[in-house]
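Summary of structural features
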Amino acid sequence: MTAAVASPSLPAQVGLIAGRSVRRIVRQPAQLVFPIAFPLSLLAVNASGLDAATKLPGFPSASYLDFALAIPFMQGALFAALNGGQDLARDIESGFLDRLSLTPMSGAALLAGQLGGALFMGVVSAVIYLAVGLAFGVGIAAGAAGALVLLALAITISFAFACFGTFVALRAGTGEAVQGFFPLFFVLLFLSSAFFPRDLIEQDWFRTVATYNPVSYMVEGVRSLVIAGWDAPALLQAFGLSAVAIVGFLALSSRALRTRLQRT
Amino acid sequence: MLATMQPERAIDVAGLVREFKGGVRAVDGIDLHVAAGEIYGFLGPNGAGKSTTVKVLTTLLPPTAGRALVAGHDVARAGAKVRASIGVALQDVALDPMLTGREHMRLQAGLHGIPRSQRATRGDELLERVGLSDAADRKSSTYSGGMRRRLDLALALLHSPRILFLDEPTTGLDVQSRTALWDEVARLARDEGTTVFLTTQYLEEADVLADRVGIIDRGTIVAEGPPATLKAQVSRPTVEVVPRDVAGCAAVAEALAPFGEKVSSGRAGSVAVRLDDGADRLADIVRALDAAGIPFANLALHEPTLDDVFLAKTGRSLEGSAEEVPEDPAPRDAARPERAAA
């Protein structure tokens, strides 16, 4: 029997790769449960342990839970980037990428499909973080529409981190290299305004680092919707930085993919 | 040279070079031609350049110099057309451990553009053919090495390629799985007219399966032709004597000198002589050693093999192949899969 063959459309290719990516995540409980459970556990610890911080003059929220709800979104994005990057690195190391590149699959489809899995993780985890926050009494100052924008921003941030993870995987080609960036991500998170407002950080060097740290602005964008309402500059900075990261790392990933796939 | 390339040939390679960083030439100016429907065995030790050649011919690596046409398309300029005509099973079987056999088939079928309505049928048909129907819904992480190889072969065949590249397809397989794979490869060439380019480090595999063999060493082809013809070039049997004491090698060589020309045995501590009069003088050889008072640990008569061809062309034995292939898994004639007469 001869199978009829015609090059599949780009959306069809993206759908196939993304479907595989999502299936792979769903079948690895550690990739699904840990990235959701760990940030929520940390949130619970912080919300009870650091609640006294709200008594500081000038602290922007009466509840540390409200203030800290933005943190899980960032940590979830880190895990999504790490897991997505490692999955791609495994494909490179195992030769599965060679298998895919022997089909008519385009490089764009591979990138988009791969990021489809990260997007799925971003959506699932963001919805869960928000639902848990609401269940424990967090009020969204920007209202219901603000909650939707919060989800959109969280997913955008998650996607930006995933683009970085994809770039590292394609550039380095090993899971260890992707794993190696994870501590750096965490340092970036801790040296941001995630746990304290920038103007209440006493150490000059810490405040300076947090001011130049883009993660601060991503956190503050999410947080503004929860504790302040509609803060256009904060939202613009958060969406803008995420968009720049997405465009930049997609371009770098695309170049790294061309180098990685030497096919003619 | 290029002007003589014939488009009806399945694979046509002229002066192919692939150089890596540091100037290492994994493939160093090879010429080879494979006719449509032929099984071509590419034989060589580890690191000889077999897999690099396959990667260039399957468009995964661009050539540094030279030219290669596969299915009539230039691998450097028409990669997509080449890929549409070939099926490839690479040396390392790359499967997604989280996907089942059936899901692998559907993903690959979709990416090859096989219409949705045909994907299930085509996939199931091939899974059946390679004996994986019962395991089709199990994750590939639960498959044995032989099952993984069979799924790999089925994936390579999904889009009915005219040319099949198999890079060391039986490495690590047990005798049963190896024989089953040989049968399937022979059937593909015989019944479907598929051209097969098969790399191997196993002498027996090349001998049993290939219509023609190319022997590669250090990036260059050192011999090429039908196995029988190649062996005929070194046709006389050799006798190899291992003296009990290594110091006795010179005395052995002297005692054997009247029986034929000394050749390299490929290992230290033994002496090999290609017999002028074939195996008929074996008894005389034993008597000569006895008369010279040379105690020996072993005496063996070797019929010519592709290893002899390799030895004759390179001065070295094709290391590893004899050790990794189980000894005489089946009589050679019985193991040879049935092929249509040329």
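All values derive from a computational prediction rather than experimental measurement. (Residues numbered from 1 in each chain as written. Chains lettered and ligands numbered in written order. Predicted model: local features only at pLDDT ≥ 70, side-chain atom pairs only at ≥ 80, totals over all residues.)

1. Regarding the overall build of chain A
- Per the secondary structure count, chain A includes eleven helices and zero strands.
- For chain A, the N- to C-terminal ordering of α and β elements is α-α-α-α-α-α-α-α-α-α-α.
- Looking at the 264 residues of chain A, the share that counts as buried comes to 45%.
- The long-range share in chain A, meaning contacts at least 24 apart out of those at least 6 apart in sequence, stands at 79%. (Helix = DSSP H or I, 4+ residues; strand = E, 2+ residues; numbered from the N terminus. Buried ≥ 20, exposed ≤ 12 C-beta atoms within 10 Å, placed from the backbone. Contact = placed C-beta atoms within 7 Å.)

2. Section: helix H1 (residues 50-57) of chain B
Residue and element names in this part refer to chain B.
- Most of H1 is tucked away, with eight of its eight residues classed as buried.
- Listed as buried for H1 are Lys50, Ser51, Thr52, Thr53, Val54, Lys55, Val56 and Leu57.
- Taken from the residues just after H1, Thr59 is the one with a positive phi, measuring 75 degrees.

3. Examining the sheet that holds strand E4 (residues 65-70) of chain B
Residue and element names in this part refer to chain B.
- Taking strand neighbours across the sheet as the criterion, the four strands line up as E2-E1-E4-E5 in an open arrangement whose pairing is antiparallel. Only two strands of the sheet have a single neighbouring strand rather than two, namely strand E2 (25-34) and strand E5 (73-74).
- In terms of strand pairing, E4 meets E5 through two bridges, oriented antiparallel. From the neighbouring strand, Val70 faces E5, where its bridge partner is His73.
- Contacts from H1 reach strand E1 (11-19), E2 and E4, with the element oriented near 65 degrees to E2. (Pairing = 2+ DSSP bridges. Axes fitted to C-alpha atoms, helices over the stretch in contact; angles between N-to-C directions.)

4. Some thoughts on the interface of chain A and chain B
- Every contact between the two is made by 30 residues of chain A and, on the other side, 32 residues of chain B.
- Elements supplying a minimum of two residues to the side of chain A that touches chain B: helix H1 (10-26) and helix H5 (96-101) of chain A.
- Here the element with the most residues in the side of chain A that touches chain B is H1 of chain A; it accounts for six residues.
- Taken together, the residues of the side of chain A that touches chain B sort by class into 13 nonpolar, ten polar and seven charged. (Nonpolar A, V, L, I, M, F, W, Y, C, P; charged D, E, K, R; others polar.)

5. Quick look at the pairing of strand E3 (residues 39-43) of chain B
All names here are of chain B.
- E3 sits mainly inside the fold: five of its five residues count as buried.
- Here E3 shows a buried face lined by Ile39, Gly41 and Leu43 and a second buried face lined by Tyr40 and Phe42.
- Strand direction decides the pairing type here: E3 and strand E8 (residues 195-200), joined by five bridges, are parallel. In the sheet register, Tyr40 faces E8, and the bridge partner there is Phe197.
- In terms of strand pairing, E3 meets strand E9 (residues 212-217) through four bridges, oriented parallel. Residue pairing in the sheet places Gly41 in a bridge with Val213 of E9.

6. Some words on the nonpolar core
- Grouped together as the largest cluster of nonpolar side chains are 77 residues, with contacts concentrated most on Val70, Ala154, Val185, Val196 and Leu198 of chain B.
- Ranked by residues supplied to this core, first place goes to helix H5 (residues 145-157) of chain B with seven residues.
- Not counting chain neighbours up to four residues away, the residues in contact with Val70 of chain B comprise Ile11, Leu57, Val75, Val82, Ser85, Ile86 and Ile163 of chain B.
- Within the second largest apolar cluster, 74 residues are counted, among which are Leu43, Met74, Tyr217 and Val219 of chain A. (Core = buried A, V, L, I, M, F, W, Y, C linked by C-beta atoms within 7 Å.)

7. Here's the deal with the packing of helix H6 (residues 107-135) of chain A against helix H7 (residues 143-172) of chain A
Residues and elements named next belong to chain A.
- Taken N-terminus to C-terminus, the directions of H6 and H7 make an angle of 140 degrees; their axes are 8 Å apart at the nearest point. Here H6 is positioned oblique relative to H7, judged by the angle of their axes. Judged by the twist between their axes, the crossing of H6 over H7 is right-handed. On the side of H6, the interface is formed by Leu111, Gln114, Leu115, Ala118, Leu119, Gly122, Val123, Ala126, Val127 and Leu130, while H7 contributes Ala147, Leu150, Leu151, Ala154, Ile155, Ser158, Phe159, Ala162, Cys163 and Thr166.
- For the contact of H6 with H7, the class distribution of residues is 16 nonpolar, four polar and no charged. (Parallel < 35°, antiparallel > 145°, perpendicular 65-115°, else oblique. Left-handed = near helix turned anticlockwise from the far one by under 90°.)

8. Details of the sheet that holds strand E7 (residues 163-167) of chain B
All names here are of chain B.
- Overall, mixed pairing links the six strands, which are arranged E6-E7-E8-E3-E9-E10 in an open sheet. Each edge of the open sheet is held by one strand with a lone partner, namely strand E6 (86-89) and strand E10 (220-225). Along the sheet, successive strands turn relative to each other by an average axial angle of 15 degrees, direction set aside.
- Sheet analysis places E9 next to E10, joined by five bridges and oriented antiparallel. Bridge pairing in E10 places Val213 opposite Gly225.

9. Side note on the domain arrangement of chain B
- For chain B, the domain assignment lists domain 1 (9-229) and domain 2 (236-303).
- Inter-centroid distance (C-alpha atoms) of domain 1 of chain B to domain 2 of chain B is 42 Å. (Domains from an automatic or database assignment.)

10. Some thoughts on the packing of H7 of chain A against helix H10 (residues 214-228) of chain A
Residues and elements named next belong to chain A.
- At a minimum axis distance of 9 Å, the contact between H7 and H10 shows a crossing angle of 165 degrees. Comparing the axis directions of H7 and H10 gives the class roughly antiparallel. H10 is crossed by H7, and the crossing has left-handed handedness. On the side of H7, the interface is formed by Gly146, Val149, Leu150, Leu153, Ala154 and Ile157, while H10 contributes Met218, Gly221, Val222 and Leu225.
- The residue inventory of the contact of H7 with H10, partitioned by class, reads eight nonpolar, two polar and no charged.

11. Considering the environment of Ala135 of chain B
All names here are of chain B.
- Within the element layout of this structure, Ala135 appears in the loop between helix H4 (116-129) and H5.
- Measuring from C-alpha to C-alpha, the distance between Ala135 and Gly123 comes to 13 Å, with twelve residues separating the pair along the chain.
- Sequence-distant contacts of Ala135, that is, excluding residues within four places in its chain, are made with Gly101, Tyr143 and Met147.

12. Some points on unusual backbone geometry
All names here are of chain B.
- Phi at Thr59 takes a positive value of approximately 75 degrees, unusual for a residue other than glycine.
- Note that Thr59 resides in the loop between H1 and E4.
- In this structure Thr59 comes out as buried when scored by C-beta crowding, with 26 C-beta atoms within 10 Å.
- A positive phi angle is found at Ala71, which is not glycine, with a value near 55 degrees.
- When you line up the elements, Ala71 lands in the loop between E4 and E5.
- By the C-beta count within 10 Å, which is 22 here, Ala71 ends up buried.

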